[in-house]
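# Report on the structure
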Amino acid sequence: MSESAYNFAYLDEQTKRMIRRAILKGLAIPGYQVPFASREMPMPYGWGTGGVQVSAAVLHPEDTFKVIDQGADDTTNAVSIRTFFEKTAQVKTTTRTSEARVIQTRHRIPEEGLTEDQILVYQVPIPEPLRFLEPRESETRKMHSLEEYGLMHVKLYEDISRHGHIATSYAYPVKVEDRYVMDPSPIPKFDNPKLGDMAAIQLFGAGREQRIYALPPYTKAVSLDFEDHPFEASKADHPCGLCGAEDSYLDEVIVDDEGGRMFVCSDTDYCEGRRAKGFVGAMAATDQMAATTMTKPTLEVL
Amino acid sequence: MSRADQPLLSVKSLSKFYGAHIGCKDVSFDLYPGEVMGIVGESGSGKSTLLNCMAGHLAPDRGEVVFDTRADGPRDTVQMSEPERRMLSRTDWAFVHQHARDGLRMGVSAGGNVGERLMAVGARNYGDIRGKATDWLQRVEISADRVDDRPTTFSGGMQQRLQIARNLVTGPRLVFMDEPTGGLDVSVQARLLDLVRGLVRDMGLSAIIVTHDLAVVRLLADRLMVMKSGHVVEAGLTDQVLDDPQHAYSQLLVSSVLQV
């Protein structure tokens, strides 16, 4: 089959209409999980089938598209989804956050602030924040409709009693517009403060679970907490090893088998942008890299 | 709103049918504040159906369950909206299941189990919640250092006591108990009954206790209803019914208890 045999952005027009209706409903009721007839996509569940369907429904031929996976543009998931839309929608793609109109993301919000003409599409594995506390779907739906969210705090209570602090570090639940409790997908809780009051539209797609939910621009999203254990957006307490940024979320990278490690920005575009502007981190210097490779053989001789 | 001379719970000709089969039929009684009502009968006599209908777990086919609410006075809970009824069952009502596992979250620590009802009604201060949970564990004779242990590590009697603590922490006014001592050995039963009796007296609770164990009602209940085939066949003061049963079935029930 030739590539032109695909409809624009893979899905047929009726399916895209159905998804758009779910998106509109989601935008009208922020944080509410709208069921939709999720389609089989040419990728396994867990690889972003929900996000891909939402992206397909909102993409225009003239759009520029960016995909990030854990903040990076160059990981398998990001590369394959980007290529998928290059092939099926012939849209322009980019790795630059500011140039993209639609950004599909897995587990991160870009460091760079988003604008009103951008759409952020999240890939969601489990949309139900109450799932691991209450396994019955019939019951969780009832809890959402009756606003019975005491159970969510039981989870945070358990965290504090076991670890002395709220140890939930990703997929940290938020309350949207004082109504629905929402799972922000497994983004680190460092990103939670960015969810609320964001200029861009945020869409959440869960393919296997067949749910879409959304945050319209400038929506209130408050992370749940206790009065005496307030929410804290945490990150590794280091500057980025490559660009020296102190304010970005960091990945820990093991660099050798002697306990050596470095912390680098998980948002690769942000890190590259900073380095292009001349910021240099402690471990970025090439001569220092040469020095480590120089000392290594000596150690082996010893 | 609530006065001692006004019934806390007033059940009027409550009926529940399972198809053509009778669950319970035309049950009426009043329960006054601080009173403990026992419901006895053999298996299948409709006592659990009746309890579940009153507690809102089952929808009755006919009849009223009028509860004297704090805010609005007497209201028929059968006609209440579901959010209202669920709110009631989190605040003024408590339900103690026969099997502690049905009433507890087994994957959540004892403190979390007790704190859940507090958090469900809006408590958001960890220190306060934990303090109250620890206090309640001690009131049901569970040592405070077990607060972070899961109920799976507790014995059957402890689980049942934990379930009671979890239910009473929000200071309910009416407790439904479905065979609270079922499946416990006799010495643990005795301790549990002693505890429940103390709590009922101290907190001025009203309770409806369903059981097939006459000793339980003898110890706890002020009044007694004997059920058979979905009907109430005899009702009266506990001692009166047990010492001088009038109905043939009550006589059979009383005489069936082994005298040791």
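This structure is a prediction, so every number in the text was calculated from the model and none was measured.

Along the backbone of chain A there are 8 helices and 12 strands. In terms of overall dimensions, chain A is globule-like: its C-alpha atoms have a radius of gyration of 21 Å, near the 19 Å expected for 302 residues. Expressed as a percentage of its 302 residues, the buried residues of chain A come to 50%. For chain A, contacts bridging at least 24 residues in sequence account for 61% of all contacts bridging at least 6. For chain A, the accessible surface area stands at approximately 14300 Å², while carbon and sulfur atoms represent 53% of it. Averaging the locations of the 33 positively and 46 negatively charged side chains of chain A gives two centres separated by 6 Å.

This brings us to the domain arrangement of chain B. Residues and elements named next belong to chain B. The domains assigned to chain B are domain 1 (1–8 + 21–92 + 173–259) and domain 2 (104–171). Counting residues at the interface gives 17 residues for domain 1 and 15 residues for domain 2. Around 1400 Å² of area is buried between domain 1 and domain 2 when both sides are counted, 65% of it from carbon and sulfur atoms. On inspection of domain 1 and its partner domain 2, the count reaches 1 salt bridge. Among the ionic pairs, Arg-191 bridges to Glu-141, the shortest N-O distance being 3.5 Å. When contributions to the side of domain 1 that touches domain 2 are tallied by element, the ones reaching two or more residues are α2 (82–91) and α7 (186–203). Tallied by class, residues from the side of domain 1 that touches domain 2 come to 11 nonpolar, 2 polar and 4 charged.

The next thing to look at is the interface of chain B and chain A. Facing 22 residues of chain B, the contacting portion of chain A comprises 21 residues. On the chain B side of the contact with chain A, Arg86(B), Arg124(B) and Tyr126(B) bury the most area, a combined 39% of that side's loss. A salt bridge links Glu134(A) to Arg105(B); the nearest nitrogen and oxygen atoms lie 3.7 Å apart. Broken down by secondary-structure element, the contributors of at least two residues to the side of chain B that touches chain A are α2, α4 (110–120) and α5 (126–139) of chain B. Per-element accounting of the side of chain B that touches chain A gives the leading share, 5 residues, to α4(B). Looking at the side of chain B that touches chain A residue by residue, the classes come out as 7 nonpolar, 6 polar and 9 charged.

Attention now goes to the sheet that holds strand β2 (residues 64–69) of chain A. All names here are of chain A. Read across the open sheet, the 7 strands follow the order β1-β9-β8-β5-β4-β2-β3; overall the sheet is mixed. If you trace the sheet from one side to the other, it starts and ends with β1 (34–35) and β3 (92–93), each paired once. One ladder, built from 2 bridges, connects β1 with strand β9 (residues 211–215); its direction is antiparallel. The partner of Pro-35 across the bridge, within β9, is Arg-211. Helix α3 (residues 76–89) rests against β2, β3, β4 (102–106) and β5 (119–123) of the sheet, and its axis sits at about 160° to β2.

Attention now moves to the side chain of Ser266(A). Residue and element names in this part refer to chain A. Locating Ser-266 in the fold gives a position in the loop between β12 (261–265) and α7 (268–276). Among the residues examined, Ser-266 registers a relative accessible area of 2% and is labelled buried. There is a polar contact of 2.4 Å between the side chain of Ser-266 and the side chain of Arg-108. With residues up to four places along the chain from it excluded, the contact list for Ser-266 reads Gln-70, Gly-71, Ala-72, Arg-108, Tyr-249, Leu-250 and Asp-251.

Assignment of secondary structure puts Ser10(B) in strand β1 (residues 9–18). Judged by relative accessible area, Ser10(B) falls into the buried class, the value being 9%.

Our next topic: empty space enclosed by the protein. All names here are of chain B. Under the definition given, this model contains 1 cavity of 30 Å³ or more. Considering only enclosed or pocket space, the largest cavity measures out at about 40 Å³ in volume. As for the largest cavity, its lining consists of Val-40, Leu-214, Leu-224, Val-226, Val-241, Leu-242, Ser-250, Leu-253 and Val-254. Sorting the residues of the lining of the largest cavity by element identifies β9 (223–228), α9 (238–243) and α10 (248–256) as the ones contributing at least two each. Residue composition of the lining of the largest cavity, by class: 8 nonpolar, 1 polar and no charged.

It is worth spelling out the UniProt feature "domain: ABC transporter" (unreviewed entry) in chain B at this point. The positions UniProt marks with the feature "domain: ABC transporter" (unreviewed entry) are residues 9–254 of chain B. In the segment residues 9–254 of chain B, helix accounts for 40% and strand for 27%; the C-alpha atoms at its two ends are 28 Å apart.

It is the contact of helix α5 (residues 150–163) of chain A with α5(B), at a shortest axis distance of 11 Å, that shows an interaxial angle of 80°. The orientation of α5(A) with respect to α5(B), classified from their angle, is roughly perpendicular. Residues Tyr157(A), Ile160(A) and Ser161(A) of α5(A) form the contact with α5(B), whose own contacting residues are Tyr126(B), Ile129(B) and Arg130(B). Split by residue class, the contact of α5(A) with α5(B) holds 4 nonpolar, 1 polar and 1 charged.

One pass over the structure, following the stated rule, counts 14 aromatic pairs over all chains. Ring centres 6.0 Å apart and planes at 65° place the aromatic pair Phe226(A) and Tyr126(B) in the edge-to-face group. Of the two residues, Phe226(A) sits in the loop between β10 (221–223) and β11 (250–254) while Tyr126(B) sits in helix α5, which places them in two different chains. Using a relative accessible area of 8% as the deciding quantity, one classes Tyr126(B) as buried. Taken together, Tyr6(A), Tyr10(A), Phe65(A), Phe84(A) and Phe85(A) form an aromatic cluster joined through their ring pairs. The positively charged end of Arg179(A) is found above the aromatic ring belonging to Tyr180(A), 4.3 Å away from the centroid. Across from the ring centre of Trp136(B), 4.2 Å away, lies the NZ or CZ of Arg139(B), which sits over that ring.

Bringing the environment of Pro173(A) into the picture now. All names here are of chain A. Among the structural elements, Pro-173 can be located in the loop between α5 and β6 (174–176). With 49 residues separating them along the chain, Pro-173 and Val-222 place their C-alpha atoms 8.5 Å apart. Among all residues touching Pro-173, those that are not within four sequence positions of it are Met-152, Val-181, Met-182, Pro-184, Asn-192, Val-222, Ser-223 and Leu-224.

Moving on, we get to α7(A). All names here are of chain A. Every buried residue of α7 is listed here: Thr-268, Asp-269, Tyr-270, Cys-271 and Arg-274. Where α7 is buried, its residues touch β2 and β12. For α7, the side-chain oxygen to backbone nitrogen distance between the N-cap and Asp-269 is 3.2 Å, and the N-cap itself is Asp-267. Where α7 terminates, the next one or two residues include Gly-278, which has phi positive at roughly 105°.

Residues and elements named next belong to chain A. Under the domain assignment used here, chain A contains domain 1 (13–223) and domain 2 (236–284). Taking only C-alpha atoms, the centre of domain 1 and the centre of domain 2 are 26 Å apart. Interface of domain 1 and domain 2: buried area, both sides summed, is about 900 Å²; carbon and sulfur atoms make up 46% of it. On the surface where domain 1 and domain 2 come into contact, there are 1 salt bridge. Of the charged contacts in the structure, one is a salt bridge between Asp-269 and Arg-96, with a shortest N-O distance of 3.9 Å. If you look at where domain 1 meets domain 2, you find 6 residue pairs in polar contact (both at pLDDT 80 or more).

Conventions and cut-offs
- Residues numbered from 1 in each chain as written.
- Chains lettered and ligands numbered in written order.
- Predicted model: local features only at pLDDT ≥ 70, side-chain atom pairs only at ≥ 80, totals over all residues.
- Heavy atoms only, no water.
- Helix = DSSP H or I, 4+ residues; strand = E, 2+ residues; numbered from the N terminus.
- Rg over C-alpha atoms; globule rule 2.2 N^0.38 Å.
- Buried < 20%, exposed > 50% of the residue type's maximum accessible area, 1.4 Å probe, protein only.
- Contact = heavy atoms within 4.5 Å.
- Areas by Shrake-Rupley, 256 points an atom, 1.4 Å probe, with all protein chains shown as cover.
- Lys, Arg positive; Asp, Glu negative; His and termini not counted.
- Charge placed at Lys NZ, Arg CZ, Asp CG, Glu CD.
- Domains from an automatic or database assignment.
- Buried area = accessible area lost by both parts, 1.4 Å probe.
- Salt bridge = Lys/Arg side-chain N within 4 Å of Asp/Glu carboxyl O.
- Nonpolar A, V, L, I, M, F, W, Y, C, P; charged D, E, K, R; others polar.
- Pairing = 2+ DSSP bridges.
- Axes fitted to C-alpha atoms, helices over the stretch in contact; angles between N-to-C directions.
- Polar contact = N/O pair within 3.5 Å; in protein donor to acceptor, adjacent residues only side chain to side chain.
- 1 Å grid on protein atoms, 1.4 Å probe; cavity = no way out; pocket = protein on both sides within 12 Å on 5 of 7 lines; lining within 4 Å.
- Points joined across faces, edges and corners; volume = space filled by probe spheres on them.
- UniProt positions renumbered as here; feature names shortened; annotations may be inferred.
- Parallel < 35°, antiparallel > 145°, perpendicular 65-115°, else oblique.
- Phe/Tyr/Trp six-rings, centres within 6.5 Å; stacked < 30°, edge-to-face > 60°.
- Lys NZ or Arg CZ within 6 Å of the ring centre and 35° of its normal.

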